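Residues per chain, in single letters:
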Amino acid sequence: MNTLRLAFGPGPGDRLLAVGLPDQIFVNEEFMVWTIGDGTFVASGSNVLYIETGPEPALRLCPDACIVGCMAGTSYTLVRVSPAVTFETVVVPGHPVSMGANAVVVRHGDETSAYSLPDLETIALPVGARDAHPQAFESGCGVLWIDGSQVMRQRNGRRASAVGRLGSRPEAWRPGPQGSAVFSVEDALWGLAPNGSLRKLGRYDLDSCRFSADGAQLLAVGENGTAHLDLRTGSVIDFTGAPLLPAGYADEPIVLDEDLGLLRTLSGRTIMDGFSPSAVCCSPTAVYGPGGTAWDIDTGRRRWAHAPLSAEYLLAFERGVVQVGQRITLFDEDGHPLQDLPLPIDPEIDGDIVDVTWREQNLCFEVDEVCVLVDLDGRRLGHEPPLPEAAEPPPEGGWRISLEGILQTDARAIPILIDGHTTSKDGRAMAWSEDGLLLHLCAEPTQPNNQ
């Protein structure tokens, strides 16, 4: 299992400058954990641990640890990360069917067993639970299971108890912290608080749900927006019609605004930006695009306070950068807009845009088998044949990208899939992915990547 230690922001050593658009994200008061591609990032304070997990790892948060579950060779391994971003690994004895931060349920052939974490002490399960596909609490030591339409719960190995009956057996369900849960029953979501009864919540997406640390509250995406719900009463605490992705809870509910590339509270306070995917281009001194903004190649410092870039094509020029999306927008080196023009390409007439490059001082739109030239005032200048494909530039500063997308030097390989890079004056690589991720990396390893 490959790992890499990073720190947020510019500075010496290996740095994470922009997060990019995550596949999934979870947040609590201590941690932010997210996945991009085949890897998982766990951040606490300014420290970040990258773990090469493969796609769709199991992620669980509790106040004192982040748990990442993934295959490591032929064994299923749990990586337990502390708030200091040190970690230990636990090999699960069997095939896991449900994982929490403090317990795991596994199957050995036809047998179902449960163990506490991280010590792997056996949790005694009644026969009814072993036969009913129990699931571990998201945090806290215990399991839940369904007996027909009856919801059963067992805490800390104590006697099981019935906590409520649903109208019918749920099509799908998820446990939350401390014995809470949500259930999808006949197109409606039902909720269970840790010490309450079952409550009908309404039409919400089960996969979008994020619980508060005590399990009493829930964030979920509904038909018309995102709701903050009280599981004890089934009532709506707050609601927004904006398309926001639940991320978790700290001192208040946290959501990801994918349109603006922001992690923010449900009430509107910005926590962090840089969650925008974008094309990338380079000038001799700047990288444009990752996190929606501009970066100094040599220092890794952010050049613009705002993040207006989010398009499929970016082209640097002597006065700044051109963004080509639904429109053509020109920004100067400080990020101020110079021009905003309609896109003079009609897909129904010209065909789809394959690429946009410079040809002398004009934009060259490759469409089907021809190129349409457009000047910086948005005027079409005519057609020209495509140029032959340019040769790959030679590696910079000893850095090279393998066919598998691994950035490496003779001294190290970075276990994060990279789409492009450039080299700063000190030999570090400024490396990015199409998801908007941006890294500033040393040519030599700076520290061991174990505990």
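Look a little higher up for the structure.
Residues numbered from 1 in each chain as written. Predicted model: local features only at pLDDT ≥ 70, side-chain atom pairs only at ≥ 80, totals over all residues. Heavy atoms only, no water.

Considering the packing of aromatic side chains
Thinking step 1. Taken as a whole and judged by the stated rule, the model has seven aromatic pairs.
Thinking step 2. For the ring pair phenylalanine 8 and tryptophan 34, a centre distance of 6.4 Å and an interplane angle of 20 degrees mean the geometry is stacked. Taken together, the residues span a long stretch of sequence, with phenylalanine 8 in strand E1 (residues 3-8) and tryptophan 34 in strand E4 (residues 32-36) at a distance of 26 residues.
Thinking step 3. Both rings, one in tyrosine 288 and one in tryptophan 304, keep their centres 5.8 Å apart while their planes meet at 50 degrees; by these two values the pair is tilted. (Phe/Tyr/Trp six-rings, centres within 6.5 Å; stacked < 30°, edge-to-face > 60°. Helix = DSSP H or I, 4+ residues; strand = E, 2+ residues; numbered from the N terminus.)

A few points about empty space enclosed by the protein
Thinking step 1. Summed over the entire model, instances satisfying the criterion amount to one cavity of 30 Å³ or more.
Thinking step 2. The calculated volume of the largest cavity comes to roughly 40 Å³.
Thinking step 3. In terms of lining, the largest cavity is formed by Ile67, Leu78, Arg80, Val90, Ala101, Leu117 and Pro118.
Thinking step 4. By residue class, the composition of the lining of the largest cavity is six nonpolar, no polar and one charged. (1 Å grid on protein atoms, 1.4 Å probe; cavity = no way out; pocket = protein on both sides within 12 Å on 5 of 7 lines; lining within 4 Å. Points joined across faces, edges and corners; volume = space filled by probe spheres on them. Nonpolar A, V, L, I, M, F, W, Y, C, P; charged D, E, K, R; others polar.)

Focus on the nonpolar core
Within soluble globular proteins, side chains that are nonpolar tend to cluster in buried spots.
Thinking step 1. Ranked by size, the top nonpolar core spans 28 residues in total, and within it Ile25, Trp34, Leu263, Ile416 and Leu441 carry the most contacts.
Thinking step 2. In this structure leucine 263 touches Ile25, Val27, Met32, Ala247, Ile254, Val255, Leu256, Thr270, Ile271, Met272 and Phe275, once residues within four positions along its chain are discounted.
Thinking step 3. Counting 16 residues, the second-largest nonpolar core is a separate cluster that includes Val324, Leu330, Val356 and Val372. (Core = buried A, V, L, I, M, F, W, Y, C linked by side-chain atoms within 4.5 Å. Buried < 20%, exposed > 50% of the residue type's maximum accessible area, 1.4 Å probe, protein only. Contact = heavy atoms within 4.5 Å.)

Comments concerning the pattern of salt bridges
Thinking step 1. All chains considered together, the criterion is met by 16 salt bridges.
Thinking step 2. For aspartate 230, the salt bridge goes to arginine 232, with nearest N and O atoms at 3.2 Å.
Thinking step 3. For arginine 232, a relative accessible area of 45% translates into the label partly exposed.
Thinking step 4. Between aspartate 296 and arginine 303 there is a salt bridge whose closest N-O contact spans 3.2 Å.
Thinking step 5. On the basis of relative accessible area, aspartate 296 is assigned to the buried category, the value being 18%.
Thinking step 6. When salt bridges that share partners are traced, they join Asp251, Glu252 and Arg269 into one network. (Salt bridge = Lys/Arg side-chain N within 4 Å of Asp/Glu carboxyl O.)

Here's the deal with the pairing of strand E2 (residues 15-18)
Thinking step 1. The pairing of E1 with E2 spans two bridges and is parallel. Each bridged residue has a counterpart across the sheet, and for phenylalanine 8 the counterpart in E2 is leucine 16. (Pairing = 2+ DSSP bridges.)

Digging into the environment of proline 386
Thinking step 1. Its location among the elements puts proline 386 in the loop between strand E41 (380-384) and strand E42 (400-401).
Thinking step 2. For the pair formed by proline 386 and glutamate 369, sequence separation is 17 residues and the distance between their alpha carbons is 7.1 Å.
Thinking step 3. If sequence neighbours within four positions are ignored, proline 386 has contacts with Arg359, Glu369, Val370 and Cys371.

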